[in-house]
Amino acid sequence: PLVACALLGGACQKIDAGVDAGVDAGVDAGTARLWTPLPLRSAAQKIAGFAGGEGMQWIHSGSYAPSDPNIVYIAGDTNHVWRSDDSGATWKSKRQGFKSNGAISLVVDPLNEDVVFVSGSHHGLSGAQTSPVDGIYRTTNGGDSWELVHVTPSYRALEGQHFAFDPQSFDGVRHRTIYAATHTAGLLRSLDGGGSWASVLDASGAPVLAGTRITDL
């Protein structure tokens, strides 16, 4: 028999479709014999320490660390940031201090695998669907903790890289000058390794691309 699974009422419901010749599974109501509620986390998974829950629907960004290709980070829409230290064979959730619902773009410092910047997002489609904890998140310890260093909205969409590092600004530990693309505030720049941010100004003193949704740097 064919087993189909659907998410109904917050739990997975399993149906033994009992497919007969010439009958499409789940199409003919007569083939649906019994629905059985299944937990999103089984007893065995709970004992093993798995968090359970929805997991993530959509991975929006991912990057390996140029300074150590064994280290890979991914960011999803509902489950923050994950890190692998073995080229993706195993993963650990890295969400301590990451308060936004999810992320849009993630970039690793090219010369320090523990420094990562992420555009945290509520994953709304417009300005009416933002959160006060959306913005630029930074970790300097490989994702063990995150800090919201600048509040700015990021909307749900397929995006490129929101962060670029000035290669001349590396101080032996990390890059000091970083540029950030935003969806409302234009182009931002940090001169202290991402601790504080200000608009990049043009010759007239106006913020560069203010009010423009920048999708890639």
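Anyway, here's the lowdown on the structure attached to this text.

Scoring rules and cut-offs
- Residues numbered from 1 in each chain as written.
- Predicted model: local features only at pLDDT ≥ 70, side-chain atom pairs only at ≥ 80, totals over all residues.
- Heavy atoms only, no water.
- Pairing = 2+ DSSP bridges.
- Helix = DSSP H or I, 4+ residues; strand = E, 2+ residues; numbered from the N terminus.
- Phe/Tyr/Trp six-rings, centres within 6.5 Å; stacked < 30°, edge-to-face > 60°.
- Buried < 20%, exposed > 50% of the residue type's maximum accessible area, 1.4 Å probe, protein only.

Notes on the sheet that holds strand β4 (residues 59-65)
Spatially, the four strands line up as an open sheet ordered β4-β5-β6-β7, and their pairing is antiparallel. For this open sheet the edge positions go to β4 and β7 (92-93), each flanked by a neighbour on one side alone. Bridge count for strand β5 (residues 68-76) against strand β6 (residues 81-84) is four bridges, and the pairing is antiparallel. Looking at the pairing, Tyr 73 lines up with Arg 83 of β6.

Details of the packing of aromatic side chains
Each pair of aromatic rings is reported with the distance of its centres and the angle of its planes. If you walk through the whole model with that rule in mind, you get six aromatic pairs. Geometrically, the ring pair formed by Phe 98 and Tyr 137 is stacked, given 4.3 Å between the ring centres and 25° between the ring planes. With Phe 98 in the loop between β7 and β8 (102-108) and Tyr 137 in strand β10 (residues 135-139), the pair connects residues that are 39 residues apart, well separated along the chain. Among the residues examined, Tyr 137 registers a relative accessible area of 0% and is labelled buried. With a centroid separation of 6.0 Å and an interplanar angle of 55°, the aromatic rings of Phe 117 and Phe 165 are classed as tilted. In this pair, Phe 117 sits in strand β9 (residues 116-121) while Phe 165 sits in strand β12 (residues 163-165), placing the two residues 48 residues apart along the sequence. Of the residues examined, Phe 165 reaches a relative accessible area of 15% and is grouped as buried.

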